[in-house]
Amino acid sequence: MLILQPVRDPRAAESLLEELDPFKTTWLVSDLKSKFDLNRRLLSKTEFVPGDGVLRASELWRMLLTRIRPDLQMVSREFALTLIASEIEKLEFDWAKTPGAAQTALQYMTQLMPILSHGEGAEMMQEWFAKNETSRERWGRWYDLSDRLFKHFLEEGFLAPTWASGVLVNETRLQEYWSKPLIVDLGAELNQVEADLLWMMSDFIDITVLKPEPTWHQEYSNCLVGYDLLERKLGGQRGKPQATSSPKKPNAPAYRKYTTMIAEVKDATAEIRSSLEKGDIQNQSDVAIVAPDIETYWPALSSYLEQEGLSTQKDLVSRLHGFPDIARWLSTLRLKTGSYDEADIELAVFDAQDAGKISYDKFRTLYAHVYGRDDLARDPQIAARFDIELKAKDFATRDEFIVFALKQIPEGCDYDRIELAFKRVF
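First, a word on what this report is: a plain description of the structure on this page. (Residues numbered from 1 in each chain as written. Predicted model: local features only at pLDDT ≥ 70, side-chain atom pairs only at ≥ 80, totals over all residues. Heavy atoms only, no water.)

**Details of the packing of aromatic side chains**
Line of reasoning, step 1. Scanning the entire structure with this criterion turns up 10 aromatic pairs.
Line of reasoning, step 2. For the pair Phe79 and Phe158, a centre-to-centre distance of 5.1 Å together with 80 degrees between the ring planes defines the contact as edge-to-face. Remark: Phe158 occurs in strand β5 (residues 158-159) and Phe79 occurs in helix α4 (residues 77-90); sequence separation between them is 79 residues.
Line of reasoning, step 3. It is Arg136 that lies over the ring of Phe129; its NZ or CZ is 4.3 Å from the centre.
Line of reasoning, step 4. Seen from the ring of Trp95, Arg141 lies directly overhead, with NZ or CZ sitting 4.5 Å from the centre. (Phe/Tyr/Trp six-rings, centres within 6.5 Å; stacked < 30°, edge-to-face > 60°. Helix = DSSP H or I, 4+ residues; strand = E, 2+ residues; numbered from the N terminus. Lys NZ or Arg CZ within 6 Å of the ring centre and 35° of its normal.)

Okay, structure coming up:
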């Protein structure tokens, strides 16, 4: 049996915690800090806590999958990425032989795992793609690649830890390997796959799911989709209605959590395209993408928007310190003020034109670690390159610093760019 218990205040779960018997019930949390905190509180009342008294959700899924499928070995994310990259090189998918393709493939495999691990998943996807040609064109090839890669992982007997819940939803022997009731306290970390898995397990154990319902939960609808799924399965009317059947509050912000910048870019692009197709947005000119530093996002964002056929209005901007000669000048300034790192040594000291005299690998070996200025003084010629002419904390007027900076301009520097920099100062 599954009970969905609304929690409007973190203290509302205190009564459940006071009654918790870790020998008979497992409390499921989302992160290590919560696990340590609960264990510490339980240890204040009892001499010891069993290993499965408090578990992270990821630990429970991995434990169950290891028991059900002892033929499969859990490998680290880094190992999985290496294996994916190695296999991509052997396949005929030339479009995937690009930097970052292995990481993207791993993300697709994680999202598609309930389908990839299903016995009839391939047939179901082909039927779905036949009805959704646009999706087939946009990411169908990534599904094909994920399917090939997952079969290779199974042949090798490997699985990534993040796939555990996606594989378990297709297992029918869960009751043989777990019998303790669960109290699920995952907050906004409960996803739809885990919600499905908990629903399956509720057929043979008692599960209490703590659903966060703060006063502002309407603004975070995307964070609680797992609980909405359980609401629908239970047939309850307590939770908030789906976004598709209930109008959003005007100007209400939506908050989403992403693991990488590229995931944020992809979701923003897909959201705009979806809103245009549904008619929620009438004109592209009604959309604004705002970021604290849009230039950091722009290389990836512009490519995704162009791929989706979305027009943009933005001036092309090049950061002045992004040009090699300006970067070398700035590195020289840092060297002459005594504040530098390995990258500055490379830019300011290593001359590509003299690469025949010493290889870059040997140069990097010599300069990768500079422990102190005494090390540099061993060779007069090297020490001269690192002479401090202006200490970083010394006082200097603007004009004095500019005179100092102009003296450090390396040969071959574009003076037009330098002039642009000084125009911003005066």
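Past the structure itself, the notes keep going.
**Looking at the sheet that holds strand β6 (residues 182-185)**
Line of reasoning, step 1. Here 5 strands make up an open sheet; going across it, the order is β1-β7-β6-β2-β3 and the pairing parallel. Edge positions in the open sheet fall to β1 (2-7) and β3 (54-56), since each of these has one partner strand only. Averaged over all neighbouring strand pairs, the angle between strand axes comes to 25 degrees, with direction disregarded.
Line of reasoning, step 2. In this structure, strand β2 (residues 26-29) lies alongside β3, joined through 3 bridges in parallel fashion. By the bridge assignment, Leu28 is partnered in β3 with Leu55.
Line of reasoning, step 3. Strands in contact with helix α3 (residues 57-68) are β2, β3 and β6; relative to β3, the strand with the most contacts, it is inclined by about 85 degrees.
Line of reasoning, step 4. Strand contacts of helix α10 (residues 225-234): β1 and β7 (207-212), with the helix running at about 125 degrees to β7, the strand carrying the most contacts. (Pairing = 2+ DSSP bridges. Axes fitted to C-alpha atoms, helices over the stretch in contact; angles between N-to-C directions. Contact = heavy atoms within 4.5 Å.)

**Some remarks on the pattern of salt bridges**
Line of reasoning, step 1. Tallied over the full model, the rule gives 13 salt bridges.
Line of reasoning, step 2. Of the charged contacts, one joins Arg56 and Glu59 as a salt bridge, the two residues approaching to 3.1 Å between their closest N and O atoms.
Line of reasoning, step 3. Using a relative accessible area of 22% as the deciding quantity, one classes Arg56 as partly exposed.
Line of reasoning, step 4. Each of Lys35, Arg56 and Glu59 takes part in a single network of salt bridges with overlapping partners. (Salt bridge = Lys/Arg side-chain N within 4 Å of Asp/Glu carboxyl O. Buried < 20%, exposed > 50% of the residue type's maximum accessible area, 1.4 Å probe, protein only.)

**Some details on the pairing of β7**
Line of reasoning, step 1. By the criterion of burial, β7 is predominantly enclosed, with 5 of the 6 residues buried.
Line of reasoning, step 2. Pairing analysis gives 6 bridges linking β1 to β7, with the strands arranged parallel. Looking at the pairing, Leu2 lines up with Ile207 of β7.
Line of reasoning, step 3. Pairing between β6 and β7: 3 bridges, direction parallel. When the sheet's bridge partners are listed, Leu182 is paired in β7 with Ile207.

Functional significance is not addressed by these values, which are geometric in nature.
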